[in-house]
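Here's the letter readout for the chains.
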Amino acid sequence: MELKWTSKTLSDLSRLYEFLSSVNKGAATRTIQSLTGAPINLLTHPRIGERLEEFEPRAESAFSLSCGLICNT
């Protein structure tokens, strides 16, 4: 299985970190770690999320999460 972040999501995460770190750097770090760590669940539960038909039949399953992550198995 492969997890891929969209460029828009990476940009959003960067902007969020910059915004939060101006007030509390520790909270900014924990927030980004939490947001980027959560999709690891896809590795053990690959069928969660929304199925994307445009990835068939290349992949058994492909999912787009609201965070902008695409998962191909």
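Residues numbered from 1 in each chain as written. Predicted model: local features only at pLDDT ≥ 70, side-chain atom pairs only at ≥ 80, totals over all residues. Heavy atoms only, no water.

Some thoughts on the overall build of the chain
Phase 1 of the analysis: The secondary structure content of the chain amounts to three helices and four strands.
Phase 2 of the analysis: Listing every helix and strand of the chain by position from the N terminus yields β-α-α-α-β-β-β.
Phase 3 of the analysis: Among the 73 residues that make up the chain, the fraction classed as buried is 22%.
Phase 4 of the analysis: For the chain, contacts bridging at least 24 residues in sequence account for 42% of all contacts bridging at least 6.
Phase 5 of the analysis: For the chain, the accessible area works out to roughly 5100 Å², and carbon and sulfur atoms hold 55% of it. (Helix = DSSP H or I, 4+ residues; strand = E, 2+ residues; numbered from the N terminus. Buried < 20%, exposed > 50% of the residue type's maximum accessible area, 1.4 Å probe, protein only. Contact = heavy atoms within 4.5 Å. Areas by Shrake-Rupley, 256 points an atom, 1.4 Å probe, with all protein chains shown as cover.)

Regarding the confidence of the model for the chain
Phase 1 of the analysis: Averaged over all residues, the pLDDT of the chain is 74; the fraction at 70 or higher stands at 62%.
Phase 2 of the analysis: Per-element confidence in the chain ranges from a low mean pLDDT of 47 for strand E3 (residues 62-64) to a high of 92 for helix H2 (residues 25-37).
Phase 3 of the analysis: Taken as a whole, residues 59-65 scores under 50 in pLDDT and shows 33 contacts with residues more than four places along the chain or in a different chain. (pLDDT = per-residue confidence, 0-100.)

Topic: the environment of Leu3
Phase 1 of the analysis: Examined against the element boundaries, Leu3 turns out to sit in strand E1 (residues 2-5).
Phase 2 of the analysis: Since its relative accessible area comes to 28%, Leu3 is described here as partly exposed.
Phase 3 of the analysis: Along the chain, Leu3 and Ile40 lie 37 residues apart, while their C-alpha atoms are 8.5 Å from each other.

Describing the pattern of salt bridges
Phase 1 of the analysis: Considering all chains together, one arrives at two salt bridges under this definition.
Phase 2 of the analysis: The residue Asp12 makes a salt bridge to Arg15 at a minimum N-O spacing of 3.1 Å. On the criterion of helical spacing, the pair formed by Asp12 and Arg15 is a turn pair, its members being three residues apart in helix H1 (residues 7-21).
Phase 3 of the analysis: Asp12 gets classed as partly exposed once you look at its relative accessible area, which sits at 29%.
Phase 4 of the analysis: The class of Arg15 is exposed, set by a relative accessible area of 54%.
Phase 5 of the analysis: A single salt-bridge network, built from bridges that share partners, covers Lys8, Asp12 and Arg15. (Salt bridge = Lys/Arg side-chain N within 4 Å of Asp/Glu carboxyl O.)

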